[in-house]
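# What the coordinates show
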Amino acid sequence: MTDPQIHGVVDDGFGPVADVFRDNFAHRGEVGAAVAVYLRGRKVVDLYGGLADPRSGRPWTTDTPAVVFSVTKGIMAICAYLLVQQGRLDLDAPVTRYWPEFGQHGKAEIPVRWLLTHQAGLPALDKPFTREEVLAWDPVIEAIEAQAPLWKPGTAHSYHPITYGWLIGEVIRRITGELPGAFFARSLAEPLGLRTWIGLPATERDAVAWMLAPIGDLGPESDPVADRGITMGGAFAFPADENGLVSFNDPAIQAAQIPGAGAVSTAESLARLYAACVSETGTPRLLSTATVDDAITVRAAGQQVYGHPDAGHRWGTGFLVHSQPRPMLGERSFGHDGAGGHLAFGDDTHQVGFGYVVNQMGGVDDERANLLSAAVRDCLAG
């Protein structure tokens, strides 16, 4: 690379991705970031640049991870589908088959799938939490058990910003005996050699990028239910407090398992994870074509019950799928974005895995990730 701020490698034919990545720094407020692309099991883009921590001037390196917020949801969905393929989880069985205590207060007939499609009626909990309770796991699980759905489950959807992770995470724990971060580490991160964690080890703390509060308009104000859901009843500011401090910079939050929003990862590892879902990357392909077919079938779309008006998002089972706000590569793309601009997805038509992580969170008009994925799309078409 000729730009001293940008580092890494790009295969022939993928130069436009580097051009967009460089342009994000020049014109779109990028501070530190990385993007990676795998094609048919081979890495073709691995770029990084800028500052991982503007406070100290620490540069972004090839090993710099960042908190990726709701990109975590896609990781959790991959874990769930692994259990499906192993015959240990039936997405259309009631949650109570695996988690009997869940069935209180009108929840007995909710299938596991609705936990992953934002249709369970549990985007927020009535109980206010302290930060310590949120980090401790069991208090949240007990509150979910005692919570009545906020609408008749299955009749509507509304994005479950944080509870999503505990909902499917507790099902994973009941099946495997492991918290989801441990299951992910053993089943995926360690075999694939990923620098991705749900529950950051203390040895990695100093490597993590420092997140900067969003710039630009964040869009319409949320309603009180949506606000309660995203802050867990006031347990922490999200994404940042009145002083601009992003709450997920807290080492205790990074070390805990917040499986709807707390994963920490490099872009390269996210790209490799999704590449492994749709192609061979030195190990057998993780997700079968039938699994991807099920995952990308649209289960929820249109107007939400709470929060922002419908913006065109479409939800498969656990994944954001090809949508007007996030076109990715096309109809076979599946993954998840994350607050502030992160994006990771796979596409089995093209056998592509894509990962993009940042530390300067963007606002509602942030196009950095879409421009990068569009450049990949153009390169594949060319």
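In what follows, the structure referred to is the one given above.
As the structure is a prediction and not an experimental result, all values here were calculated from the model.

## What about the sheet that holds strand E7 (residues 264–265)?
- Spatial ordering of the open sheet is given by E5-E7-E6, a layout of three strands whose pairing is antiparallel. Looking at strand neighbours, the two that pair on one side only are strand E5 (66–67) and strand E6 (196–197), the edges of this open sheet.
- As judged from the two bridges shared by E6 and E7, these two strands associate in the antiparallel manner. Bridge pairing in E7 links threonine 196 to serine 265.

## Considerations on the side chain of threonine 266
- Looking at the secondary structure, you find threonine 266 in the loop between E7 and helix H10 (267–278).
- In this structure threonine 266 touches Thr62, Asp63, Thr64, Pro65, Arg195 and Val357, once residues within four positions along its chain are discounted.

## Thoughts on the side chain of histidine 118
- Locating histidine 118 in the fold gives a position in the loop between helix H3 (112–116) and helix H4 (131–135).
- Overall, the relative accessible area of 1% leaves histidine 118 in the buried class.
- A polar side-chain atom of histidine 118 sits 3.0 Å from the main-chain amide nitrogen of histidine 160.

## Examining the nonpolar core
- Ranked by size, the top nonpolar core spans 88 residues in total, and within it Trp166, Met232, Phe248 and Phe334 carry the most contacts.
- Among the elements that line this core, the one with the most residues is helix H2 (residues 71–85), at 10 residues.
- If near-sequence neighbours (up to four positions away) are discounted, methionine 232 is found in contact with Leu125, Phe129, Val134, Val140, Ile162, Thr163 and Trp166.

## Describing empty space enclosed by the protein
- For the structure shown, the criterion picks out one cavity of 30 Å³ or more.
- Computed from the structure, the largest cavity encloses a volume of approximately 50 Å³.
- Along its surface, the largest cavity is lined by 13 residues, and Ala34, Asp46, Thr62, Ala267 and Glu268 are the ones closest to its centre.

## Topic: the packing of aromatic side chains
- According to the stated counting rule, one finds 12 aromatic pairs in the structure shown.
- On the numbers, 6.4 Å between centres and 10° between planes, the contact of tyrosine 81 with phenylalanine 319 is stacked. In this pair, tyrosine 81 sits in helix H2 while phenylalanine 319 sits in the loop between strand E9 (314–315) and strand E10 (320–321), placing the two residues 238 residues apart along the sequence. Here the two residues tyrosine 81 and phenylalanine 319 agree in accessibility, since each one is buried.
- Between phenylalanine 236 and phenylalanine 248, the aromatic rings sit 5.5 Å apart at their centres with planes inclined by 85°, giving edge-to-face as the arrangement. A residue pair is termed long-range when its members are at least 10 positions apart, and phenylalanine 236 in the loop between helix H8 (224–231) and helix H9 (251–255) and phenylalanine 248 in the loop between H8 and H9 qualify at 12 residues.
- Look at phenylalanine 236 and you get buried, because its relative accessible area is 6%.
- Grouping aromatic residues by their ring pairs yields a cluster made of Phe69, Phe236, Phe238 and Phe248.
- Above the plane of the ring of phenylalanine 102 lies lysine 107, whose end atom (NZ or CZ) is 5.3 Å from the centre.

## Description of H2
- For H2, which comprises 15 residues, the first-to-last C-alpha distance of 22 Å matches the rise-based estimate of 21 Å (1.5 Å per residue) to within 8%.
- With 13 of 15 residues buried, H2 lies mostly within the body of the structure.
- Looking at the residues trailing H2, positive phi occurs at glycine 87, about 75°.

## Observations concerning the pattern of salt bridges
- Evaluated as defined, the whole model comprises 27 salt bridges.
- Residues aspartate 46 and lysine 43 are paired through a salt bridge, measuring 3.3 Å at the closest nitrogen-oxygen approach.
- Look at aspartate 46 and you get buried, because its relative accessible area is 11%.
- On the basis of relative accessibility, which here comes to 32%, the residue lysine 43 falls in the partly exposed class.
- Glutamate 132 is the partner of arginine 131 in a salt bridge, and the nearest nitrogen-oxygen pair spans 3.8 Å.
- A single network of salt bridges, built from pairs that share partners, joins Glu101, Glu145, Glu170, Arg173 and Arg174.

## Some thoughts on H10
- In this model H10 runs 17 Å from its N-terminal to its C-terminal C-alpha over 12 residues, within 8% of the 16 Å that 1.5 Å per residue would give.
- Counting buried positions over the 12 residues of H10 gives 12, a clear majority of the element.

## Regarding the packing of H2 against helix H6 (residues 163–176)
- Packing of H2 against H6 leaves a shortest axis separation of 10 Å and a crossing angle of 30°. With respect to their mutual orientation, H2 and H6 come out roughly parallel. Here H2 and H6 pass one another in a crossing that is left-handed. In this structure, H2 contributes Lys73, Met76, Ala77, Cys79, Ala80 and Leu83 to the contact, and H6 contributes Tyr164, Gly165, Ile168, Gly169, Ile172, Ile175 and Thr176.

## Points about the packing of H2 against H10
- Between H2 and H10, the shortest axis-to-axis distance is 12 Å and the interhelical angle comes to 35°. For the element pair H2 and H10, the recorded crossing hand is left-handed. Here H2 contributes Val71, Gly74, Ile75 and Ile78 to the contact with H10, which in turn contributes Leu270, Leu273, Tyr274 and Cys277.
- For the contact of H2 with H10, the residue count by class is seven nonpolar, one polar and no charged.

Analysis parameters
Residues numbered from 1 in each chain as written. Predicted model: local features only at pLDDT ≥ 70, side-chain atom pairs only at ≥ 80, totals over all residues. Heavy atoms only, no water. Pairing = 2+ DSSP bridges. Helix = DSSP H or I, 4+ residues; strand = E, 2+ residues; numbered from the N terminus. Contact = heavy atoms within 4.5 Å. Buried < 20%, exposed > 50% of the residue type's maximum accessible area, 1.4 Å probe, protein only. Polar contact = N/O pair within 3.5 Å; in protein donor to acceptor, adjacent residues only side chain to side chain. Core = buried A, V, L, I, M, F, W, Y, C linked by side-chain atoms within 4.5 Å. 1 Å grid on protein atoms, 1.4 Å probe; cavity = no way out; pocket = protein on both sides within 12 Å on 5 of 7 lines; lining within 4 Å. Points joined across faces, edges and corners; volume = space filled by probe spheres on them. Phe/Tyr/Trp six-rings, centres within 6.5 Å; stacked < 30°, edge-to-face > 60°. Lys NZ or Arg CZ within 6 Å of the ring centre and 35° of its normal. Expected span 1.5 Å × (residues − 1). Salt bridge = Lys/Arg side-chain N within 4 Å of Asp/Glu carboxyl O. Axes fitted to C-alpha atoms, helices over the stretch in contact; angles between N-to-C directions. Parallel < 35°, antiparallel > 145°, perpendicular 65-115°, else oblique. Left-handed = near helix turned anticlockwise from the far one by under 90°. Nonpolar A, V, L, I, M, F, W, Y, C, P; charged D, E, K, R; others polar.

Note that all results are geometric; they support no functional claim without further evidence.
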